[in-house]
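Coordinate analysis (summary)
Residues per chain are reported as follows:
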Amino acid sequence: MSAIRTKLHHQLQTVTARIPVLNSTAATRGGVQPWNSRLRELANKSLFSEALSVYLQMLRSGASPNAFTFPFALKSSAVLSLPITGEQLHCQAIRTGCLLEPFVQTSLISMYCKCNFVDVARQVFDENPLSRKLTVCYNALIAGYALNLRTKDTVSLFCEMREFGVEINGVTLLGLVPVCGVAGNFGLGMCVHGCCLKFGLNLDFSVGNSLLSMYLRCGEIKTARKLFDELPGKGLITWNAMINGHAQNGLANDVLELYREMEASGIQPDPVTLVGVLSSCANLGAQEVGKEVERRIHACGFLANPFLNNALINMYSRCGNLVKSRQIFDRMPVKTVVSWTAIIGGYGMHGQGEVAVDLFDDMIRAGTIPDRAAFVSVLSACSHAGLTDKGLHYLDTMEQKFHLSPGAEHYSCVVDLLGRAGRLDEAHGLIRTMKAKPDGAVWGALLGACKIHRNVELAELAFERVVELEPTNIGYYVLLSNIYTDAGDSEGILRIRVMMRERKLKKDPGCSYVEFKGRVHLFVSGDRSHPQSKQIYEFLDELECKLKELDQNGMGVHSEKLAVAFGLLNTKEGAEIVVMKNLRICGDCHLFMKLVSKILPRREFIVRDPTRFHHFRNGVCSCKDYW
DNA sequence: ATAGGGTTAG
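Residues numbered from 1 in each chain as written. Chains lettered and ligands numbered in written order. Predicted model: local features only at pLDDT ≥ 70, side-chain atom pairs only at ≥ 80, totals over all residues. Heavy atoms only, no water.

Within an unreviewed UniProt entry, the label attached to chain A reads DYW domain-containing protein, and the organism entered is Linum tenue. The heading Sequence similarities (unreviewed entry) in the UniProt record of chain A holds the text "Belongs to the PPR family. PCMP-H subfamily." (UniProt positions renumbered as here; feature names shortened; annotations may be inferred.)

What follows is the structure, given as structure tokens:
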């Protein structure tokens, strides 16, 4: 921090030399008032860079800034995160004798906080005794500490405020919220909620919104819902907090429902709303809802919003519509690393690893610096497409060229990569020497590779580790059990079964989702609650009969494939995507789809299993390595 | 006339 301070100080001195010395004649010549109203106008319209250039024009014209000028200019440099400009303003406030004005003081503190110079803000706060009498100054600094997640400083300042008897208002409590949303600080959040009740601020519109997002960030969905229902006025931000909070907790179906509720309540969504909805569509494979959102984006004129475009690319990629996602990507005038990552991930998921890898190289040529997430997408593309050496090369590049230290999420891709290629010892060696702590996914990837290459000994070792890390993940028990099955080791199978019983682990019932006409239908194995389940089962029986004729091995049809039947039943009417979640990727599932496509050769449908999409057209699947 | 807070993508 002191190094940054020194650097800033140096810059401050150089710019101070360039600042024109203001004198009274200059000030009277121009008159500051018209400049101030122009500044206010621009700042109110959020045109902050324009506001700053107006400020510069004002200086050039010879007018002297006064106490009404600085808050606007400081807010502009805060929003644009321009600490150097902010320091210049600080310096000019000193020269013009405006520094001790409460409004200027508060704006300054806030500006330094927003530019991540909280300690400089603290200095400004400490240097002026007036600060300790003003709620607004405390509020600005508390919010600054909280945003930088400095829990201790945030809380001690809040306590000091109470000790000195400075008035606490809604904004004070709002400022505290960011540190409450961090895992482990939930207790603090409860205290803040308690304070809100104590000060009678809990029904304040903004405080309510803030508490809501705090609970959602902590994963306290039920508490959030209760608060939401109690809030007297629900505005755009209330709905946004709710929708995005649910989206981040992976509750995609609830998001779609909330979105409908929001529309019904007559509140128009903004880009922030739609980003959350699109991310849920991506997770559910709900392309129809996604398309509806896209139409809305066009209608509302949000087309230029980069957040929305990235969310659209992600949604179409994950829903298997690579043509659409590529179109949007190509049309984006400014592509960020997030845009590239979304499109690379899309191609990677579909087994088009070569395209993904080429795009990654294009990105680097275009001068975009990849971050850790971008490397995850390219490494996983390599592992899906079997581009072993390419993947190893990227892992190397990541460290050597971009100075990013790979995390467990990167190593799990590379272990998968080596494992699939049969280089099990190298994969094991990598785990032993990797710098990050191996997590369940890393050992799980090795276990999966042992299944492919039938290595029981290494599988047992990997299983031991993975079960230490994720003792309740049933998938790994099933995987080892299948390895024993392949090896004909009936004792092994029994051991796993006993272990699962001792740990009270039960296999979750298989379930699938189907999107149909903007609704996502959930099917659980053995469940007959769907209103159309009678027709679905009849259709399933019909399918099964035909399948038996074709299938000599007698694979049978499980009820967890209900969703597939439902999707096929409605294909004529537009069910586009059949999402098969939690469905084991085993031979019979693939065979099932193959047979279904023979029975229904003219239907076109897409099946998504947990790792990729399979597009069936005229009885043929587009995925090369599918059969 | 001027200050402090809450919701966004991979």
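Next comes the rest of the account.
Another aspect to go through is the overall build of chain A. Assigned secondary structure in chain A consists of 33 helices and six strands. Per-residue burial over chain A gives 49% buried out of 627 residues. Sequence separation of at least 24 residues holds for 63% of the intrachain contacts in chain A that already meet a minimum separation of 6. On chain A, roughly 30,000 Å² of surface is accessible, and the fraction owed to carbon and sulfur atoms is 55%. (Helix = DSSP H or I, 4+ residues; strand = E, 2+ residues; numbered from the N terminus. Buried < 20%, exposed > 50% of the residue type's maximum accessible area, 1.4 Å probe, protein only. Contact = heavy atoms within 4.5 Å. Areas by Shrake-Rupley, 256 points an atom, 1.4 Å probe, with all protein chains shown as cover.)

The next thing to look at is a nonpolar patch on the surface. A contiguous nonpolar patch, built from V79, L80 and L82 and spanning about 200 Å² of accessible area, is present on the exposed surface. If you trace the backbone, V79 turns up in helix α5 (residues 69-79). Judged by its relative accessible area of 43%, V79 falls in the partly exposed class. (Patch = residues over 30% accessible without salt bridge, like charges linked within 9 Å, V, L, I, M, F, W, Y side chains within 5 Å. Salt bridge = Lys/Arg side-chain N within 4 Å of Asp/Glu carboxyl O.)

We note that S46 has phi near 60 degrees; this positive angle belongs to a residue other than glycine. Along the polypeptide, S46 turns up in the loop between α3 (33-44) and α4 (48-61).

Turning to helix α26 (residues 424-433), its buried residues number three or more, namely L424, A427, H428, L430 and I431. One side of α26 holds all its buried residues, which, seen down the axis, span an arc of 155 degrees. Residues of α26 that are exposed and point more than 90 degrees away from the buried face comprise D425, R432 and T433. Summarising the contacts, the buried residues of α26 are in contact with α25 (408-420), α27 (440-453) and α28 (456-469). (Arc of directions from axis to C-beta.)

The full set close to DNA strand B counts 41 residues, and N169, L174, S206, N209 and N310 are the nearest of them. Restricting attention to atoms of DNA strand B within 4 Å of the protein, one finds that 40% of them are sugar or phosphate atoms. A distance of 3.1 Å separates a base oxygen of DNA strand B from a polar backbone atom of A67. In the model, a phosphate oxygen of DNA strand B is placed 2.9 Å from a nitrogen or oxygen of the Q248 side chain. By residue number, the principal contributor to the surface near DNA strand B is helix α13 (residues 205-217), which donates six residues. (Near = heavy atom within 4 Å. Polar contact = N/O pair within 3.5 Å; in protein donor to acceptor, adjacent residues only side chain to side chain.)

Glancing now at the packing of helix α24 (residues 388-400) against α25. Packed helices, taken two at a time, are described by the angle their axes make and the gap between the axes. Running from amino to carboxyl end, α24 crosses α25 at an angle of 155 degrees, the nearest separation of the two axes being 9 Å. With respect to each other, α24 and α25 are oriented roughly antiparallel. As for the relative orientation of α24 and α25, their crossing is left-handed in sense. Across the interface between the two elements, T388, G391, L392, L395 and M398 from α24 touch H410, Y411, V414, L417 and L418 from α25. Residue composition of the contact of α24 with α25, by class: seven nonpolar, three polar and no charged. (Axes fitted to C-alpha atoms, helices over the stretch in contact; angles between N-to-C directions. Parallel < 35°, antiparallel > 145°, perpendicular 65-115°, else oblique. Left-handed = near helix turned anticlockwise from the far one by under 90°. Nonpolar A, V, L, I, M, F, W, Y, C, P; charged D, E, K, R; others polar.)

Next up on the list: the side chain of S280. By the element assignment, S280 lies in helix α17 (residues 271-284). Overall, S280 belongs to the buried group, its relative accessible area being 1%.

Let us look at the environment of L147. For L147, the location among the structural elements is in helix α9 (residues 135-147). Sequence separation of L147 and G175 is 28 residues, and the distance between their C-alpha atoms is 8.1 Å.

This next bit is on helix α23 (residues 372-385). In a regular helix each residue adds 1.5 Å, so 14 residues correspond to 20 Å; α23 covers 20 Å between its end C-alpha atoms and thus fits that length. Regarding α23, the residues found buried are A374, F375, S377, V378, L379, A381, C382, S383 and H384. Lining the buried residues of α23 we find α21 (337-349), α22 (353-365), α24 and α25. At the C-terminal side of α23, G386 shows a positive phi close to 70 degrees. (Expected span 1.5 Å × (residues − 1).)

Let's shift gears to the pattern of salt bridges. Using the criterion set out here, one finds 26 salt bridges in the structure. The partner of D362 in a salt bridge is R365, with the nearest N and O atoms 2.8 Å apart. In this pair, D362 and R365 are both assigned in helix α22, three residues apart and thus about one turn of the helix distant. Its relative accessible area of 65% is what places R365 among the exposed residues. The shortest N-O distance in the salt bridge between K435 and E399 comes to 2.6 Å.

This part covers the UniProt feature "repeat: PPR" (unreviewed entry) in chain A. The UniProt record annotates "repeat: PPR" (unreviewed entry) at residues 31-65, 134-168, 235-269 and 336-370. Counting secondary structure, residues 134-168 comes out at 74% helix and 0% strand; the distance between its end C-alpha atoms is 10 Å. Between the end C-alpha atoms of residues 235-269 there is a gap of 10 Å, over a span that is 74% helix and 0% strand.

Another aspect to go through is the environment of L149. Relative to the elements of secondary structure, L149 occurs in the loop between α9 and α10 (151-163). Its relative accessible area of 47% is what places L149 among the partly exposed residues. Between the alpha carbons of L149 and C180 there is a distance of 9.2 Å; along the sequence they are 31 residues apart.

With 75% of its residues at a pLDDT of 70 or more, chain A shows a mean pLDDT of 80. Across residues 1-5 the pLDDT falls below 50, and counting only partners more than four positions away or on other chains, this stretch makes seven contacts in the model. Taken together, the stretch residues 11-28 has pLDDT below 50 and engages in 22 contacts with residues farther than four places along the chain or on a different chain. (pLDDT = per-residue confidence, 0-100.)

As a further point, take the side chain of S76. Considering the arrangement of structural elements, one finds S76 in helix α5. Take S76: its relative accessible area is 0%, and that puts it in the buried class. Separated by 2.9 Å, the side chain of S76 and the backbone oxygen of F72 make a polar contact. Dropping the residues within four chain positions of it, S76 is found in contact with F48, A51 and L52.

On to the packing of aromatic side chains, then. Tallied over the entire structure, the rule returns seven aromatic pairs. With a centroid separation of 5.2 Å and 75 degrees between ring planes, the pair formed by F228 and W239 is classed as edge-to-face. Here F228 is found in helix α14 (residues 221-230), whereas its partner W239 is found in helix α15 (residues 236-248), with eleven residues between them in sequence. Accessibility assignment for this pair places F228 and W239 in one class, buried. Aromatic side chains F463 and Y477 sit 5.5 Å apart centroid to centroid with 80 degrees between the ring planes, which places their arrangement in the edge-to-face category. Taken together, the positions of F463 in helix α28 and Y477 in helix α29 (residues 474-487) put the pair 14 residues apart, joining distant regions of the chain. Judged by its relative accessible area of 6%, F463 falls in the buried class. (Phe/Tyr/Trp six-rings, centres within 6.5 Å; stacked < 30°, edge-to-face > 60°.)

Let us look at the packing of α4 against α5. For the pair α4 and α5, the least separation of the axes is 9 Å and the interaxial angle reads 135 degrees. In this view, α4 runs oblique relative to α5, as classed from their interaxial angle. In this structure, α4 crosses over α5, and the sense of that crossing is left-handed. Contact residues: α4 offers F48, A51, L52, Y55 and M58, while α5 offers T69, F70, A73, K75, S76, S77 and V79. The residue inventory of the contact of α4 with α5, partitioned by class, reads eight nonpolar, three polar and one charged.

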